[in-house]
Amino acid sequence: MRRALWLVATRALESFVVLFVLASLVFFALRIVPGDPALLILGDQASASELATLRAKLHFDEPLVRQYARFLSDLAHLDLGDSLRRPGVPALARVLVAVGPTAQLASLAVLFGAIFGVLAAVVASGPWLGDRRPWVERAILFVAAVPLLAFAPLATYVLAARYHVLPLPGDPDAGFLGLLFASGLLAIPLGAHVARIGHAALLQVARSPFLNVARAKGATEVAVWFRHALPASLGPIVTVIATQLGALLGGAVVLERLFERTGLGTLILEAYSTRDLPVLEGAVLAAGALFVFTQTVATAIHAGLDPRVRASQ
Amino acid sequence: MKKPQRLIPLLVIVVASALAAWRHPTPGRLSPELAWCMPQMEHPLGCGEAGMDLAAIVSHAELRAIALAIAVALTGFLFGTFIGAMSGLIRGMFERTVERVCDLLQAFPTFLLALAVLSAVRAPNRFHLGAVFALTAWAPFARLSLVQTRVLRDAAFIEAAGAIGARFGGIVVRHIVPNLLGVVAVQLGSTAAAIIVSEAALGFVGLGPHDGVSIGAVLDQGVAAMLRAPHVLLVGASAVFATSSSFLLAARSSPSE
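Remember, it's a predicted structure, so these values are computed and weren't measured experimentally.

## Thoughts on the overall build of chain A
For chain A, the count of helices and strands is 14 helices and zero strands. Ordered by position from the N terminus, the helices and strands of chain A form the series α-α-α-α-α-α-α-α-α-α-α-α-α-α. Counting only C-alpha atoms and orienting by the principal axes, one finds that chain A spans roughly 85 × 55 × 30 Å. Looking at chain A as a whole, 48% of its 313 residues qualify as buried. Across chain A, contacts joining residues at least 24 apart in sequence account for 70% of those joining residues at least 6 apart. Approximately 15500 Å² of chain A is accessible, and the part contributed by carbon and sulfur atoms is 67%. With 25 positive and 20 negative side-chain charges, chain A shows a separation of 14 Å between the mean positions of the two kinds.

## Looking at helix 3 (residues 92-107) of chain B
For helix 3 of chain B, built from 16 residues, the straight-helix expectation of 22 Å at 1.5 Å per residue is met to within 8% by its first-to-last C-alpha distance of 23 Å. The complete set of buried residues in helix 3 of chain B reads Glu-95, Val-98, Glu-99, Arg-100, Cys-102, Leu-104, Leu-105 and Ala-107 of chain B.

## Here's the deal with unusual backbone geometry
If you check the backbone angles, Glu-260 of chain A has positive phi at about 50° while not being a glycine. By secondary structure assignment, the location of Glu-260 of chain A is in the loop between helix 11 (234-259) and helix 12 (264-273). Residue Glu-260 of chain A is classed as exposed on the basis of its relative accessible area of 65%. Despite not being glycine, Arg-91 of chain B has its phi angle at roughly 65°, a positive value. Looking at the element boundaries, Arg-91 of chain B is found in the loop between helix 2 (54-90) and helix 3. Arg-91 of chain B gets classed as partly exposed once you look at its relative accessible area, which sits at 36%.

## Topic: the nonpolar core
All names here are of chain B. With 129 residues, the main nonpolar core has Leu-115 and Leu-202 as its most contacted residues. Apart from residues no more than four positions distant in its own chain, Leu-202 is found in contact with Phe-111, Ala-114, Leu-115, Leu-118, Leu-129, Phe-133, Leu-207 and Gly-208. In terms of nonpolar packing, the next biggest core, distinct from the first, is built from 14 residues, Phe-77, Met-86, Ile-158 and Val-172 among them.

## Overview of the side chain of Arg-126 of chain B
All names here are of chain B. Of note, Arg-126 is situated in helix 5 (residues 126-152). Among the residues examined, Arg-126 registers a relative accessible area of 16% and is labelled buried. From its side chain, Arg-126 meets the backbone oxygen of Val-213 in a polar contact 2.6 Å long. If near-sequence neighbours (up to four positions away) are discounted, Arg-126 is found in contact with Arg-64, Leu-68, Glu-199, Pro-209, Asp-211, Val-213 and Ser-214.

## What to know about the layout of surface pockets
Residues and elements named next belong to chain A. If you add up the space inside the second largest pocket, you get close to 520 Å³. Along its surface, the second largest pocket is lined by 19 residues, and Leu-19, Leu-75, Leu-78, Leu-285 and Ala-289 are the ones closest to its centre. No other element matches helix 13 (residues 277-305), which puts five residues into the lining of the second largest pocket. Of the residues contributing to the lining of the second largest pocket, the split by class is 17 nonpolar, one polar and one charged.

## Quick look at the pattern of salt bridges
In the structure shown here, the tally under the stated rule is twelve salt bridges over all chains. Across the pair Glu-14 of chain A and Arg-100 of chain B runs a salt bridge, and its minimum N-O distance is 2.7 Å. One end of the pair, Glu-14 of chain A, is in helix 1 (residues 2-32); the other, Arg-100 of chain B, is in helix 3, on a second chain. Overlapping salt bridges, with partners in common, bring together Glu-14 of chain A together with Glu-95, Glu-99, Arg-100, Asp-103, Arg-143, Arg-150 and Arg-153 of chain B in one network.

## Details of the confidence of the model for chain B
Put simply, chain B has an average pLDDT of 83, and 96% of its residues get 70 or more. Reported confidence for the predicted complex is 0.81 by ipTM and 0.85 by pTM.

## Considering empty space enclosed by the protein
Scanning all chains against the criterion turns up three cavities of 30 Å³ or more. The space that makes up the largest cavity amounts to roughly 60 Å³. Breaking the lining of the largest cavity down by element, the ones donating at least two residues are helix 1 and helix 13 of chain A together with helix 3 of chain B. For the lining of the largest cavity, the residue count by class is three nonpolar, four polar and three charged. Mapped by element, the contributors of at least two residues to the lining of the second largest cavity are helix 11 and helix 12 of chain A. Here the residues of the lining of the second largest cavity sort into seven nonpolar, two polar and no charged.

The rules behind the values
- Residues numbered from 1 in each chain as written.
- Chains lettered and ligands numbered in written order.
- Predicted model: local features only at pLDDT ≥ 70, side-chain atom pairs only at ≥ 80, totals over all residues.
- Heavy atoms only, no water.
- Helix = DSSP H or I, 4+ residues; strand = E, 2+ residues; numbered from the N terminus.
- Buried < 20%, exposed > 50% of the residue type's maximum accessible area, 1.4 Å probe, protein only.
- Contact = heavy atoms within 4.5 Å.
- Areas by Shrake-Rupley, 256 points an atom, 1.4 Å probe, with all protein chains shown as cover.
- Lys, Arg positive; Asp, Glu negative; His and termini not counted.
- Charge placed at Lys NZ, Arg CZ, Asp CG, Glu CD.
- Expected span 1.5 Å × (residues − 1).
- Core = buried A, V, L, I, M, F, W, Y, C linked by side-chain atoms within 4.5 Å.
- Polar contact = N/O pair within 3.5 Å; in protein donor to acceptor, adjacent residues only side chain to side chain.
- 1 Å grid on protein atoms, 1.4 Å probe; cavity = no way out; pocket = protein on both sides within 12 Å on 5 of 7 lines; lining within 4 Å.
- Points joined across faces, edges and corners; volume = space filled by probe spheres on them.
- Nonpolar A, V, L, I, M, F, W, Y, C, P; charged D, E, K, R; others polar.
- Salt bridge = Lys/Arg side-chain N within 4 Å of Asp/Glu carboxyl O.
- pLDDT = per-residue confidence, 0-100.

Encoded structure:
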């Protein structure tokens, strides 16, 4: 148990390092690239006095080191200043409003992806399909190879726009069904990856003696695979979900844009196109925080589930 | 090459795009009377917004995206192989750090990273996109190369090279890296496929190259005019799918599969 706690503690510390590096990258990307950031924000038509005011407001007129120190201190106080495009509204407030819908979308997608993926992996590994099992494997490989960007717009066209089977998730009164549709789309690539890795992991334990012991004691095949084989293969499954989280967040941005649904992605894109720097910095960092947080949780779950991880790390 | 036929789809896409691009040398020419027209003899893929010929746009976009993907994948390949081999030989803290950084970068939302970094330029061009993709593209190569170096570093010929006085750099470049290339190259196809999709995704959300010659921009048009002109959406989606999956297939043509 102490080793597991140690592992999770190192990961948590690492999360801070990751967020720090990300914050620094966001900060320096804008200030090191040649060109006047104030001009970039206000556009070519801005007058000299407007530019000077903005430079003073965002402290572009100070030495870079001072700016960086100020940025880090603001970050530590969780105060990134006001949104440039909506004066008076703190940037962080806008970010916090947007985090909720994205977190909902992403967590439902993880849930669905895990369920679909595990079911497909067990079906592809168990004895039920006999000679037809390779077809399931091929189907999994094929689905894993189809990018979300290609099938999500097509599925939306067919299911929502043309035949109205499902509501458009961006529609304000689409409600829960819309959320289910969006997270289902997002879950498909994740589910395919989970299925691929889960299938490989299940095949490794498929010939283990403990499964035969379970069979000898009269367990049904369903119980053998779900109660005995699956727990032994959960490690790789949790790991693959953790490594797909980044792609999932990227996919969430694409889906939010596709459906014009509110969320972190929409906020980041809006802040990008209007050059609302405090909001952009806050939103990117919030997405990064969401990512490292879930990664740490995945590590903790993995350590909690699998005694081999606790022992070997 | 065990299965060279797996390179065929990629070659077909490149040749077909090159031919179409040669027939339509200027993508993005507008002819408003043809706006959103369905596929026809003159315009085999139909037209998009303001009558842009989709065949012209898609072929130019394909060629540029494929060139970008190959360039970035090769850069990541060279840099990643070298970093991985070096960290494997140095061992200790450095090796563990490289390993962990690679793991993190592979899982990281690179798409968000790209958005954050691209905000520094007014209108991104393909060079900017390539630079952003290269920031993370080296990680899987370094990971593979590190794993393979761990196998190689205790081999007798490496010890022998050290014993006859070969320097560290010499061992990495002349003895380790040549033995890694075959194994690490397997990753080239999947990295290139991921870049094709990312480039299209950035174009789709409005961060693509500002000349609008991007599959993502076609997809964006298609989504906007979903009900009026569904063929635009279909063309964009199939282009992304065909290119990324032919890169994935090409990746499996190498001997170590």
